[in-house]
Amino acid sequence: LRVSERHPGSIRTIAVSPLPSHAQGTASALVFAGGAKSMLRAYLVDTGLSLRCVWSPVLPQRNGRSPSRDGEVEAFEERVMSVDCLAMAGSLLLVAAATSSGLMHAWHVDLSSAATGRLDERSCVTTRLAQAAVLSLRCAPLPVQIEGAAETVAFAAFAGIADGSLVAQAALDLQQLEASAGRCSHAKLLEAGINDLAVHSAGDGRLLVAAAGDDHALALAVFALEPQSLTAAPPRLRLLSSWRLAGAHASAAKSVCWVPPQLVSVGLDRLLRVWNVEHPAPSGSPEHEQAPLLVEASSRIVSCLEPGALALGSAVEG
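## As for the overall build of the chain
Okay, so step 1: Assigned secondary structure in the chain consists of one helix and 23 strands.
Okay, so step 2: Look at the contacts in the chain between residues 6 or more apart in sequence, and 52% of them connect residues 24 or more apart.
Okay, so step 3: Accessible surface, the chain: about 15,000 Å² in total, of which carbon and sulfur atoms supply 50%.

Here it is as structure tokens:
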């Protein structure tokens, strides 16, 4: 890869979005990279495997200062901890970035403008998810059609917090993120920070969220939209059940990915583990729903000494 300019500061997180065919030109995808110094940038991937910056938004800074180890007060440096993107209606793309101060910044950008060398930003909102740092963020389309959202993609945002809690938020559009801040669902899934999240639509209107933690554990949580929120603005996600698998790894669990119907995880113990998901028999009552269980199917040692992220793709024969 050839990079036209260096990313300012260390990179902690990336997300990739393919470009629609009418917007490709000589490019095929956008790479969003975030990290130190409150920097978030979008790079256009040209067919010649070169990266060119086409978008660099300004993130609002958290006011105030924080104490240093010796007791003196020093300026707080905001960091982009996690970024994700989700295709919306038409050529719009939702880009969401979570920060070390517990904020989530979200934008609508127009993918059709990428070929011009500058990504057009349509709108932006900022909402607070937690008082602690957000370590992981995943956005997913809601698996049901909501009245009033026929021409938009209703979506959910899941955030893994440094204290082991999970925050779930649903919205019909970008502007509703601010309005829905008071309708978030919270769940204490792990005993330490949630390093990564993976979201899978179960096909019955439910979302299955997997979490990887610093406490060596994995967790599963099942969410669904509250029935009375299907016509409300904003909608609300309800936690149906959750389950924690202690000792899933011998060290910190760093990343999880769904390969439906299985889950794959990797940890600092250098183990890549594949899990089967066992669903208990329906109880007949949503109030007494039991969480799915993880049963190990296979594992292998990876060559990477300190694996920190996991991405899976499908192989195409030929």
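## Concerning the pairing of strand β14 (residues 165-171)
The side chains of a regular strand alternate between both faces of the sheet.
Okay, so step 1: The buried fraction of β14 is high, at seven of seven residues.
Okay, so step 2: Every second residue of β14 is oriented toward a common face, with Ser 165, Val 167, Gln 169 and Ala 171 on one face and Leu 166, Ala 168 and Ala 170 on the other, all of them buried.
Okay, so step 3: Alignment of strand β13 (residues 155-161) against β14, held across six bridges, turns out to be antiparallel. Within β14, the residue paired with Phe 158 across the bridge is Ala 168.
Okay, so step 4: Between β13 and β14, which pair antiparallel in sequence order, lie three residues; one of them, Gly 164, sits at a positive phi of approximately 90°.
Okay, so step 5: Here four bridges tie β14 to strand β15 (residues 185-188), and the two strands are oriented antiparallel to one another. Note on β15: the bridge partner recorded for Leu 166 is Ala 187.

## A short note on the sheet that holds β14
The strands making up a sheet associate through backbone hydrogen bonding, with each pair oriented either parallel or antiparallel.
Okay, so step 1: Pairing within the open sheet is antiparallel, and its four strands lie in the order β12-β13-β14-β15. Two strands close off the open sheet at either side, each with one partner strand: β12 (134-141) and β15. Strand-to-strand twist in this sheet, taken as the mean axis angle between neighbours without regard to direction, amounts to 20°.
Okay, so step 2: Sheet topology places β12 next to β13; seven bridges connect them, and they run antiparallel. Residue pairing in the sheet places Ser 136 in a bridge with Gly 160 of β13.

## Concerning the pattern of salt bridges
Okay, so step 1: Counting across every chain of the model gives five salt bridges.
Okay, so step 2: Arg 138 is the partner of Asp 196 in a salt bridge, and the nearest nitrogen-oxygen pair spans 2.8 Å. On the criterion of sequence distance, the pair formed by Asp 196 in strand β16 (residues 194-201) and Arg 138 in strand β12 is long-range, its members being 58 residues apart.
Okay, so step 3: On the basis of relative accessibility, which here comes to 24%, the residue Arg 138 falls in the partly exposed class.
Okay, so step 4: Across the pair Arg 273 and Glu 296 runs a salt bridge, and its minimum N-O distance is 3.3 Å. Of the two residues, Arg 273 sits in strand β22 (residues 271-278) while Glu 296 sits in strand β23 (residues 293-301), which places them 23 residues apart along the sequence.

## Some words on unusual backbone geometry
Okay, so step 1: Of note, the bond from Pro 260 into Pro 261 is cis; its omega dihedral lies within 30 degrees of zero at 10°.
Okay, so step 2: Its place among the elements puts Pro 261 in the loop between β20 (253-259) and β21 (262-267).
Okay, so step 3: With a phi close to 60°, Lys 37 is a non-glycine residue in the positive phi region.
Okay, so step 4: Structurally, Lys 37 is set in the loop between β3 (27-35) and β4 (40-46).
Okay, so step 5: What makes Lys 37 exposed here is its relative accessible area of 53%.

## Brief notes about the packing of aromatic side chains
Okay, so step 1: For the structure shown, the criterion picks out three aromatic pairs.
Okay, so step 2: A centroid spacing of 6.1 Å and a plane angle of 85° characterise the contact between Phe 32 and Trp 55, whose relative ring orientation is edge-to-face. Linking Phe 32 in strand β3 with Trp 55 in strand β5 (residues 50-55), this pair joins segments that are 23 residues apart in sequence. Accessibility classification places Phe 32 together with Trp 55 in one group, the buried group.
Okay, so step 3: A centroid spacing of 5.4 Å and a plane angle of 55° characterise the contact between Phe 158 and Phe 223, whose relative ring orientation is tilted. Linking Phe 158 in strand β13 with Phe 223 in strand β18 (residues 218-225), this pair joins segments that are 65 residues apart in sequence. In terms of burial, Phe 158 and Phe 223 fall into one category: buried.
Okay, so step 4: Here the aromatic residues Phe 32, Trp 55 and Trp 107 are joined through ring pairs into a cluster of three or more.

## What to know about the sheet that holds strand β19 (residues 237-245)
Okay, so step 1: Spatial ordering of the open sheet is given by β16-β17-β18-β19, a layout of four strands whose pairing is antiparallel. The sheet terminates laterally at β16 and β19, the two strands that pair on one side only. Each adjacent strand pair in this sheet contributes to an overall mean axis angle of 20°, direction not counted.
Okay, so step 2: Sheet analysis places strand β17 (residues 206-213) next to β18, joined by seven bridges and oriented antiparallel. Residue Ala 211 lies in a different strand from β18, and its bridge partner there is Ala 219.

Definitions and cut-offs
Residues numbered from 1 in each chain as written. Predicted model: local features only at pLDDT ≥ 70, side-chain atom pairs only at ≥ 80, totals over all residues. Heavy atoms only, no water. Helix = DSSP H or I, 4+ residues; strand = E, 2+ residues; numbered from the N terminus. Contact = heavy atoms within 4.5 Å. Areas by Shrake-Rupley, 256 points an atom, 1.4 Å probe, with all protein chains shown as cover. Buried < 20%, exposed > 50% of the residue type's maximum accessible area, 1.4 Å probe, protein only. Pairing = 2+ DSSP bridges. Axes fitted to C-alpha atoms, helices over the stretch in contact; angles between N-to-C directions. Salt bridge = Lys/Arg side-chain N within 4 Å of Asp/Glu carboxyl O. Phe/Tyr/Trp six-rings, centres within 6.5 Å; stacked < 30°, edge-to-face > 60°.

Any link to function would need more than the numbers given here.
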